[in-house]
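# Architecture at a glance
Spelled out from the first residue to the last, the chains are:
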Amino acid sequence: MAVEPIRFEVTKLNCGGCAGRAQKALSGVPGVEEASVNLANRMATVEGSAGVQALREALSSAGYPARETQVKLAIEGMSCASCVNRVEAALREVPGVLSASVNLASETADVTLLAGSADSADLARVVSEAGYAARPAGDDSAAHEARKAAEHRALKRDLIVAAALTLPVFVIEMGGHLIPGFHALVMNSIGMQASWLLQFVLITAVLAVPGRRFYRVGLPLLAKGAPDMNSLVALGTLAAWGYSTVALFLPGLLPEASRAVYFEAAGVIVTLILLGRFLEARAKGRTGAAIKRLVGLRPATARVEREGRITEIAIDEVQLGDEVHVRPGERIAVDGTLITGSSYIDESMITGEPVPVGKGPGDTVVGGTVNGASALSFKATAVGRDTMLARIIAMVEDAQGAKLPIQALADKVVIWFVPAVIAAAALTFLAWMLFGPSPALTYALVAGVSVLIIACPCAMGLATPTSIMVGTGRAAELGVLFRKGDALQTVEGSRVVAFDKTGTLTEGKPALVRSEAAPGVAPAEVLRLAASAEQGSEHPIARALETAAQGALSQPEDSEAIAGHGLSATVEGRALLVGAKRLMTREGIALGPLEATHDDIAAAGQTPVLVAVDGAIAGVFAVADRVKPGARAAVEALHAQGIKVAMITGDTRATAQAIAGELGIDHVEAEVLPEGKLAAVKALRERFGPVAFVGDGINDAPALAEAEVGIAIGTGTDVAIESADIVLVSGELAGVVEAFHVSGAVLRNIRQNLFWAFGYNVALIPVVAGVLYPAFGLLLSPMLAAGAMALSSVFVLSNALRLRRLAPVMSPARERTQTKPMTLEAAE
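Residues numbered from 1 in each chain as written. Predicted model: local features only at pLDDT ≥ 70, side-chain atom pairs only at ≥ 80, totals over all residues. Heavy atoms only, no water.

As annotated in an unreviewed UniProt entry, the protein chain is Copper-translocating P-type ATPase from Salipiger bermudensis. Comment text from UniProt for the protein chain, heading Sequence similarities (unreviewed entry), reads "Belongs to the cation transport ATPase (P-type) (TC 3.A.3) family. Type IB subfamily." (UniProt positions renumbered as here; feature names shortened; annotations may be inferred.)

Shown next, in the form of structure tokens:
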């Protein structure tokens, strides 16, 4: 069979020589019969049996990487893990596909392929040919919800019809076992033959109408040699119905002792499995509740000022630079910068923080948050997919579609599970025929059908993705975004959390933390004069003094910066010197009683700022980068979980040790150059084990990428966020604790689900096959097997949904405080 050629796009082709080298690289791959690269359209065409991964690696090594693209498909009709495995296998067979991952819980497939080799329609067609309706997944969530609602209504209708038709049959057959004299009443009124004929009519209708969904999918897959869960149900119910039909219409073909009907078993099996799928569909709908709530935060319209008029337009029509107006109590439409008005904004659904945040002109606002009691106007700085809300939704969706390493075992089992169950059912039937008591055929049928029905790959397929969907959604509500789904598992294994200092553990800007004046001098006056002198300086310390000063400042005269020392200025006719100790030493000014205070400030890792007025020492101030509120509580919470805490900083060792002592940090890496943070992460790994690194700046990106888990502060730079596995939207360090908390809860939930899914099958398949019959006379009926099978999937989903109620470890209301600028009184 000829292999179709693969066509795909190649990047970084600038000339004919580039095309030639790329073509040579492809031709050198084993299995390539012919390769050509067209510079004009930048497309490569390859014939032969070479794998797509080998082609990609060859081009990448040559410096002309193939362009890759991603496609998301919405898939209908998947019912179990076998379906997932089959769809993934079909997609991976498509030339050009690099990877395919199918999520049973969200009913989607994420495919990575070489750009140009296939499109979404090609991939959807392949999946449809494999037996599952597929289409490219679009952004029309309303249409998607409408389709799901229609499927849910159809399932509910089929369940009601199946239950209504099966109930009379169940009463006729089982009533005799429960109600004395009931069986005799049926026999004396309509007779056995009429009773069986009535059961045949009703149950045939059950299988033909509500039960046809199992046969429409399961039988074609069985014919292709690729059976799934639907195939097991189809085989089991058809076996019970067929045996009963023969007993009714052709009784001579069966031994007299084996002439019995099991119509009620076929009907009850269909009804119970439909009930299980109905409950499963309802539970699945709730697994994506967090995404729906996030999508619901996006208002449909915005009030935009254009050409001097304020008009209400659709949210999709808002453009960058538009001036958007917001009434009190309204949701903010898109991200922007405030122009007019001041208000408190409720950002709880974005950041997880319950306390409204004060905003004024120049501050940023986030689309989806709720305005307080004042009217605002702002300039739109991000719209559409670029808004924070859209990015959060995209991150959560990506994480929910991930496959964790823990799922690998389930995937391996699923590959052979359904064929193994069919083989086990056949073996069970044969064993009962050869060794079972009389009537052997009846016992063999009951046991074989029960094995087919009770096996449940559905629970295996749902065990991991449902927990991931619910867990990542709940994490987003707590202000923790898992950008990469596998971080859910790797964060749990981290043994040390390493924090960057500036902007992560601390607020990232100097502030006045302590002050002392010389005897007979008013501290507030010294600060006012020093802040006035510093007005012309761009130094961060100058801003700290200005922020802390109370009262009106005076304009300085003759201000002069003294490099490495400080500055001199004249304020209100008084000569001021503001700076380091070496400035006072140079000018011959003794510190006197402030000497000890200066040394204490320096020893604490803070920056001492000395002030002299008219040639005499007047005061000393301590300026430091303050620790973030809740930082100590976060460190203590990590310690309580048995996790070591380290700090990596380029600051001096004295400053670092002072911060570490204040927070209770175990290990300090100080005076580290930006490029040295990566080496520091490696050193921590060698000493403690897997590392989670928390940072916010551009210089943290290499360390975030090197660590087993990179956690970026959401208020930091885009570079840091893009390098991270987890993003803390609010910037609060409590989010680090919540990330570990959510990870542990999700992993425990997944292990519980997998234990149930595997344990259920391992324990009950032998039971229904009859291993307990010789010793205890116990043999489960197919009806009980169907009920147990339906229950298993519902159990797994219900267990995953418990994560929706996962409570935060640290109360945001308790840990978060409104940080205000430090005044002189507060410093004292």
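Moving on from the model shown.
## Quick notes on the overall build of the protein chain
Scanning the protein chain from N- to C-terminus turns up 32 helices and 28 strands. Here the protein chain has a C-alpha radius of gyration of 35 Å; the compact-globule value for 828 residues is 28 Å, and the former is much larger. With respect to the three principal axes, the spread of C-alpha positions in the protein chain is 125 × 75 × 65 Å. Among the 828 residues that make up the protein chain, the fraction classed as buried is 52%. Residue pairs at least 24 apart in sequence account for 69% of intrachain contacts in the protein chain once pairs closer than 6 positions are excluded. In the structure as shown, the protein chain presents an accessible area of about 35400 Å², 58% of it carried by carbon and sulfur atoms. (Helix = DSSP H or I, 4+ residues; strand = E, 2+ residues; numbered from the N terminus. Rg over C-alpha atoms; globule rule 2.2 N^0.38 Å. Buried < 20%, exposed > 50% of the residue type's maximum accessible area, 1.4 Å probe, protein only. Contact = heavy atoms within 4.5 Å. Areas by Shrake-Rupley, 256 points an atom, 1.4 Å probe, with all protein chains shown as cover.)

## Brief notes about the domain arrangement of the protein chain
Where interface size is given, it is often the accessible area lost as the parts come together that is meant. Along its sequence, the protein chain is carved into domain 1 (1-66), domain 2 (71-138), domain 3 (145-292), domain 4 (302-383), domain 5 (480-505 + 628-729) and domain 6 (507-626). The centre of domain 1, based on its C-alpha atoms, is set 67 Å off from the matching centre of domain 6. (Domains from an automatic or database assignment.)

## As for unusual backbone geometry
Here Ser438 and Pro439 are connected by a cis peptide whose omega angle stands at -5 degrees. Along the chain, Pro439 falls in the loop between α14 (408-435) and α15 (440-454). Positive phi is not limited to glycine here, since Asp558 has a value of about 50 degrees. Structurally, Asp558 can be placed in strand β19 (residues 557-562).

## Some details on the pairing of strand β20 (residues 566-571)
Buried residues dominate β20, accounting for five of its six residues. Across four bridges, the pairing between β19 and β20 is antiparallel. In the strand pairing of β20, Glu560 is matched with Ser568. One ladder, built from six bridges, connects β20 with strand β21 (residues 574-579); its direction is antiparallel. Following the sheet pairing, Ser568 is matched in β21 by Leu577. Hairpin connection, β20 to β21: the antiparallel pair is bridged by two residues, and Glu572 has positive phi, about 55 degrees. (Pairing = 2+ DSSP bridges.)

## Looking at the environment of Ala66
Turning to its location among the elements, Ala66 is positioned in the loop between α2 (52-62) and β4 (68-75). The sequence separation of Ala66 and Val10 amounts to 56 residues, and the corresponding C-alpha distance is 4.3 Å. Once residues within four sequence positions are removed from consideration, Ala66 is found in contact with Phe8, Glu9, Val10, Leu59 and Leu114.

## Some details on the sheet that holds β19
Strand order in the open sheet made by the six strands is β18-β23-β22-β21-β20-β19, with antiparallel pairing throughout. Both outer strands of the open sheet, β18 (506-517) and β19, are each paired with one neighbouring strand and no more. Shown here is a sheet whose adjacent strand axes are inclined to one another by a mean of 20 degrees, direction ignored. Across the face of the sheet, helix α19 (residues 523-533) comes into contact with β18, β19, β20, β21, β22 (607-613) and β23 (616-627) while running at roughly 80 degrees to β21. (Axes fitted to C-alpha atoms, helices over the stretch in contact; angles between N-to-C directions.)

## Considerations on the pairing of strand β24 (residues 644-648)
Two faces belong to every sheet, and in a regular strand the side chains alternate between them. The buried fraction of β24 is high, at four of five residues. By the bridge criterion, five bridges tie strand β17 (residues 496-500) to β24 in an arrangement that is parallel. Considered in β24, the bridge of Val496 is made with Lys644. The pairing of β24 with strand β25 (residues 667-669) spans three bridges and is classified as parallel. In the sheet register, Met647 faces β25, and the bridge partner there is Val668. Where the polypeptide runs from β24 across helix α24 (residues 653-663) and back to β25, its parallel neighbour, the crossover connection is right-handed. (Right-handed = clockwise from strand over helix to strand, strands pointing away.)

## Structural notes on the UniProt feature "transmembrane region" (unreviewed entry) in the protein chain
Per the UniProt annotation, the sites labelled "transmembrane region" (unreviewed entry) are residues 159-179, 191-211, 232-254, 260-279, 413-435, 441-464, 754-773 and 779-801. The span residues 191-211 is 86% helical and 0% strand by assignment, and the distance between its end C-alpha atoms comes to 28 Å. Its end C-alpha atoms 33 Å apart, residues 779-801 is made of 87% helix and 0% strand.

## Side note on the sheet that holds strand β26 (residues 691-695)
An order of β16-β28-β27-β26-β17-β24-β25 is seen for the seven strands of this open sheet, with the pairing classed as mixed. Of all strands in the sheet, those with a lone pairing partner are β16 (480-482) and β25, marking the two edges. Averaged over all pairs of adjacent strands, the angle between strand axes in this sheet comes to 20 degrees, irrespective of strand direction. Direction of pairing for β26 relative to strand β27 (residues 709-713): parallel, over a ladder of four bridges. Along β27, the bridge assignment pairs Gly695 with Ala712. Against the sheet, helix α28 (residues 734-769) touches β16, β17, β26, β27 and β28 (726-728), its axis set at about 50 degrees to β16.

## Focus: the pattern of salt bridges
Inspection of the entire model under this criterion finds 26 salt bridges. Arg543 is paired through a salt bridge with Glu546; the nearest N and O atoms lie 2.2 Å apart. Taken together, the residues Arg543 and Glu546, both in helix α20 (residues 540-548) and three residues apart, mark about one turn of the helix. Among the residues examined, Glu546 registers a relative accessible area of 25% and is labelled partly exposed. (Salt bridge = Lys/Arg side-chain N within 4 Å of Asp/Glu carboxyl O.)

## Describing the environment of Val334
Turning to its location among the elements, Val334 is positioned in the loop between β10 (323-326) and β11 (335-340). C-alpha separation for the pair Val334 and Val635, spaced 301 residues apart in sequence, amounts to 35 Å.

## Observations regarding the packing of aromatic side chains
Considering all chains together, one arrives at nine aromatic pairs under this definition. On the numbers, 6.0 Å between centres and 25 degrees between planes, the contact of Phe200 with Trp241 is stacked. A residue pair is termed long-range when its members are at least 10 positions apart, and Phe200 in helix α7 (residues 191-208) and Trp241 in helix α9 (residues 229-249) qualify at 41 residues. Residue classification places Phe200 among the buried residues on the basis of a relative accessible area of 18%. A relative accessible area of 23% places Trp241 in the partly exposed class. Judged by centre distance (5.1 Å) and plane angle (80 degrees), the ring pair of Phe200 and Phe249 falls under edge-to-face. Separated by 49 residues along the polypeptide, Phe200 in helix α7 and Phe249 in helix α9 bring together distant segments of the chain. Under the relative-accessibility criterion, Phe249 is labelled partly exposed at 44%. Through a chain of ring-to-ring contacts, three or more aromatic side chains come together here, namely Phe200, Trp241, Phe249 and Phe263. (Phe/Tyr/Trp six-rings, centres within 6.5 Å; stacked < 30°, edge-to-face > 60°.)

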